[in-house]
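Architecture at a glance
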Amino acid sequence: MQDPLAVAEELIELTTTLATERRLEALLGAVVSSARRLTRAEGGRVLVLDRTGRHLHGLIGQNECAPEAAAFPDTVSVYSEGNAFNMRDANVFSAVTGQIVNLADLYDYTNFDVSALYAHDARTGYRTRSFVVAPLWNVEGVTLGVLQLINIRLTPDGEIGALPKAFERIVASFAAHAAVAMANARLFEENRQLIRQLDRKNADLAQENTRLKVMATVSDDQVVGESPVFQAALDLARRAASAPVAVLLLGETGTGKEVFAQAIHRFGKRRGRPFIAQNCAALPETLLESELFGHRKGAFSGAVADKKGLVHEADGGTLFLDEIGDMPLALQAKILRLLEEGSVRRLGDTKLEKVDVRIVAATNADLPQKIAQGSFREDLYYRLSVFPVQIPPLRQRPSDIPKLIDFFLTRIAKTHGRSSFALTPRALDALCRWRYPGNVRELKNIAERAALLVDGDERIDLKHLPANLSATQAPDIVVPSSTTAANHASLRAAVRHYEAIVIENRLRETGWNQSRAAELLQISRRSLVEKLQRYAIRPPS
Ligand SMILES: Nc1ncnc2c1ncn2[C@@H]1O[C@H](COP(=O)(O)OP(=O)(O)OP(=O)(O)O)[C@@H](O)[C@H]1O
């Protein structure tokens, strides 16, 4: 047998292999070789327990004297008939009990059923004599399989016998190390497979996302707004729709750039074809490139299959590029080629493909300033700004506010399963006074929030609006202007609207003293109370 120094060296080498080798079979191969060198065994094998826990399968086999003898009967049943452990098998015994089996001569021993090995020997002409089985148990004491060592040579001249007692512990600890490495390698392999599955899933999801974008073509949403500035912008969009040019939509956030892009698509000849929108600020460069232009299989890790881009999906239709000012320069060049030549190249491809796509781009950034800073291509800007459409912010068209409120509340009421939501005059007034830094989107959000806060048939009042809105005080004397709700209501409604505001102002002045307010308003207290009920005017809570 080996001297202690050689044993130590073998163990060090094995530990290094165990720590670095991640492939299960290579790792087990190293374990068997190392164990054989350590014990001077002619052969060695590893049998691994399958996931059902019912069978041990031969995974690795080595035999320096008879390579054909390396393969053991491939599968050993863990259970015998009646579902008891098959303890007559030396491998199962070791795997189940965690003990080493150490037989000096297989042909002298009768306690284990080794008939399969006899048959194997008879078939291969090899003679198995000493036979050692060590359990491969991981740290939690779970059996992973067994390590076999065959024909241990006790002397340099080849005398064969049982493993010396002193070596049993070495082999046991050796097997325990191997089991831990084996468990790690399995986890590693499972992780790799999970990552592969995830990559595949991601690719599927990306395709699905694209498909949904195609399906969610254009909604039939109305474009609400009758103010002259808004109508002028809409008229420009209508003209742009009939020309085969790119359109650049300019406007603050929430002004309705996407609504306009959809309208341009709907107004034009491409109406029945896909409308696809992509926000250029939403994705990192490589992902955006692959999303827009597609990729070939293997173009990057995770590109497990060919994928079409949004430009392909939008073929014959419209591609809306929101926040174009945030598009990386390399992709701007690709958009320029699409505009100039009508062709695109997928990531990882050498060929150009022809596509017929109308580009509508939008931004709220100052593109000339970006050009000066070197982050936006001037040539692309000139290409896109053939047809610029400026969408005015809501504060420049307050006369559109009542119509928009009405539009959103009617739509929200439908989703709440009710016919409508009513507003108190002071709530309407506060909504009409607000300057809406978030434009139409902000107005829509305020309406949605208010609809959630009202109880039953209650009207939307100041308390249902965001605090900063209800804090906007109405002026003492309300002068009708062309920019308030009243301008778009009937005369009767307008008069009621102002009546409510004047009453509320007087009440505020008098600290909500109804008698005093009635006096100032020169009406009876009873009449005041009636009006308070009619207009749902209440002191702030
Ligand atoms: N004129 C309009 N009529 C009806 N709804 C509108 C109108 N303008 C905007 N909206 C609604 O307001 C919300 C914001 O509009 P949209 O997304 O088109 O704005 P945007 O300018 O593209 O915003 P961003 O700059 O943040 O991308 C959407 O829910 C949209 O339906």
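Residues numbered from 1 in each chain as written. Predicted model: local features only at pLDDT ≥ 70, side-chain atom pairs only at ≥ 80, totals over all residues. Heavy atoms only, no water.

In the nomenclature of an unreviewed UniProt entry, the protein corresponds to GAF domain-containing protein from the organism Bosea caraganae.

**A short note on the overall build of the protein**
Rule in force here: To qualify as a helix, a DSSP run of H or I must reach at least 4 residues; to qualify as a strand, a run of E must reach at least 2; elements of each kind are numbered from the N terminus. Using C-alpha atoms as the atom set, the radius of gyration is obtained and then compared with a globule rule of 2.2 Å times the number of residues to the power 0.38. Residues count as neighbours in contact if any of their non-hydrogen atoms are within 4.5 Å of one another. Only the protein chains shown count as cover for residues, and the accessible areas themselves come from Shrake-Rupley with a 1.4 Å probe.
Across its full length, the protein carries 19 helices and 14 strands. In terms of overall dimensions, the protein is more spread out than a globule: its C-alpha atoms have a radius of gyration of 41 Å, far above the 24 Å expected for 541 residues. Here the C-alpha coordinates of the protein stretch approximately 125 × 65 × 45 Å along the principal axes. Here the contacts in the protein between residues at least 6 apart in sequence split such that 67% fall between residues at least 24 apart. Accessible surface computed for the protein: about 27000 Å², of which carbon and sulfur atoms make up 52%.

**Side note on the packing of aromatic side chains**
Keep this limit in mind: Any two of the Phe, Tyr and Trp rings considered here, Trp counted by its six-membered ring, make a pair once their centres fall within 6.5 Å; the pair's planes then place it as stacked at under 30 degrees, edge-to-face at over 60, or tilted in between. The buried label goes to any residue with under 20% of its type's maximum accessible area, the exposed label to any with over 50%, and the partly exposed label to all in between, with areas taken from a 1.4 Å probe on protein chains only. A ring has a charge above it when a Lys NZ or an Arg CZ is no more than 6 Å from the ring centre and no more than 35 degrees off the ring normal.
Taken as a whole, this structure holds 7 aromatic pairs when the rule is applied. When the centroid spacing of 5.6 Å and the interplanar angle of 85° are considered together, the rings of F230 and F260 count as edge-to-face. Here F230, found in helix α6 (residues 228-242), pairs with F260, found in helix α7 (residues 257-267); they are 30 residues apart in sequence, far enough to count as distant. Residue classification places F230 among the buried residues on the basis of a relative accessible area of 3%. Over the aromatic face of Y107 sits the side chain of R127, whose NZ or CZ is 4.1 Å from the ring centroid. In this arrangement the basic side chain of R238 is found over the ring face of F267, its NZ or CZ atom lying 5.0 Å from the centre.

**What about helix α15 (residues 439-453)?**
Quick reminder of the rule: Between the first and last residue of a helix there are one fewer steps than residues, each counted as 1.5 Å, and that sum is the expected span.
For α15, built from 15 residues, the straight-helix expectation of 21 Å at 1.5 Å per residue is met to within 8% by its first-to-last C-alpha distance of 22 Å. Those residues of α15 that sit buried are N439, V440, E442, L443, I446, A447, A450 and A451.

**Here's the deal with the site of the ligand**
The line we're drawing: We define proximity as follows: a residue is near a molecule or strand when any one of its heavy atoms falls within 4 Å of that partner. Counted as a polar contact is a pair of N or O atoms within 3.5 Å, where, for protein atoms, one must be capable of donating a hydrogen and the other of accepting one, and residues adjacent in sequence contribute only when both atoms are in side chains. We place a 1 Å grid over just the protein atoms. Points where a 1.4 Å probe fits but has no way out form a cavity, open points with protein on both sides within 12 Å along at least 5 of 7 lines form a pocket, and any residue with an atom within 4 Å of a point lines it. A molecule is counted as occupying a cavity or pocket when more than half of its atoms fall within 2 Å of that pocket's grid points. Ten residue types, Ala, Val, Leu, Ile, Met, Phe, Trp, Tyr, Cys and Pro, are classed as nonpolar, four, Asp, Glu, Lys and Arg, as charged, and the remainder, Gly among them, as polar. The start and end points of each domain follow an automatic or database-based domain assignment.
Neighbouring residues of the ligand: 19 residues in total, closest V224, T253, K257, D322 and K444. Between the ligand and E258, the relevant distance is 3.0 Å, taken from an oxygen atom to a main-chain nitrogen or oxygen of the residue. Protein contact buries 89% of the 630 Å² of open area that the ligand shows by itself. Most atoms of the ligand, that is more than half of them, are within 2 Å of grid points of the largest pocket. Those elements that provide at least two residues to the shell around the ligand are α7, α13 (401-415) and α15. The residue makeup of the shell around the ligand, split by class, is 8 nonpolar, 5 polar and 6 charged. Here the shell around the ligand gathers at least three residues from each of two domains, domain 2 (216-392) and domain 3 (395-534).

**Topic: the UniProt feature "domain: Sigma-54 factor interaction" (unreviewed entry) in the protein**
Our working definition: UniProt positions are given in the numbering used here, feature names are shortened, and annotations may be inferred rather than shown by experiment.
In the UniProt entry, the feature "domain: Sigma-54 factor interaction" (unreviewed entry) is given for residues 223-452. In residues 223-452, helix accounts for 45% and strand for 12%; the two terminal C-alpha atoms are 24 Å from one another.

**Topic: the layout of surface pockets**
Heads up, the rule is: Grid points are joined across faces, edges and corners, and a volume is the space filled by probe spheres set on the points.
Empty space within the largest pocket amounts to approximately 680 Å³. Lining the largest pocket we find 28 residues, and of these G254, G256, E258, V259 and R441 sit closest to its centre. At the level of elements, α7, α13 and α15 are the ones that each hand at least two residues to the lining of the largest pocket. Broken down by element, the lining of the largest pocket gets its largest block of residues, 6 residues, from α7.

**So, the nonpolar core**
Soluble, globular proteins show a tendency: their nonpolar side chains are buried together. What counts, and what does not: Residue types Ala, Val, Leu, Ile, Met, Phe, Trp, Tyr and Cys, when buried and joined through side-chain atoms within 4.5 Å, form a set referred to as a nonpolar core.
V31, V46, L136, L147, L149 and F174 are the most contacted members of the largest nonpolar core, which has 32 residues in total. Elements that contribute at least two residues to this core include exactly α1 (4-20), α2 (24-39), β1 (41-49), β5 (131-137), β6 (143-153) and α5 (165-215). A per-element tally of this core places α5 first, with 10 residues. The contacts of V46, once residues within four sequence positions are left out, are L28, V32, H57, G58, L59, I60, L136, V146 and L147. Core analysis: the second largest hydrophobic core is formed by 30 residues, I276, I324, A361 and L367 among them.

**What to know about empty space enclosed by the protein**
Under the defined criterion, the tally for this structure stands at 2 cavities of 30 Å³ or more. Here the second largest cavity defines a volume of roughly 50 Å³. Around the second largest cavity, the lining residues are I405, L409, L423, L431, L443, I446, A447, A450, I460 and L465. Counting residues per element, the ones that place at least two in the lining of the second largest cavity are α13 and α15. For the lining of the second largest cavity, the element with the highest residue contribution is α15, accounting for 4 residues. Among the residues making up the lining of the second largest cavity, the classes are represented as 10 nonpolar, no polar and no charged.

**Overview of the side chain of D105**
Mapped onto the secondary structure, D105 falls in the loop between β4 (101-103) and α4 (115-124). Using a relative accessible area of 14% as the deciding quantity, one classes D105 as buried. Reaching out from D105, the side chain makes a polar contact with the backbone nitrogen of Y107 at a distance of 2.9 Å. Discounting residues that sit within four places of it in the chain, D105 has contacts with R129 and S130.

**Concerning unusual backbone geometry**
Trans peptide bonds make up most of the peptide bonds, and negative phi angles are found at most residues other than glycine. If you check the backbone angles, N151 has positive phi at about 55° while not being a glycine. Relative to the helices and strands, N151 resides in strand β6. Residue classification places N151 among the buried positions, given a relative accessible area of 2%. We note that Q522 has phi near 60°; this positive angle belongs to a residue other than glycine. Tracing the backbone shows Q522 in the loop between α18 (514-521) and α19 (525-534). What makes Q522 exposed here is its relative accessible area of 72%.

**Regarding the pairing of β1**
Just so we agree on the cut-off: Strands pair, by our definition, only if DSSP identifies at least two bridges between them.
Burial runs high along β1: 9 of the 9 residues are buried. By the bridge criterion, 7 bridges tie β1 to β6 in an arrangement that is antiparallel. Bridge assignment links G44 to a residue of β6, and that residue is L149. For β1 and strand β2 (residues 55-63), the ladder comprises 7 bridges, and the chain directions are antiparallel.

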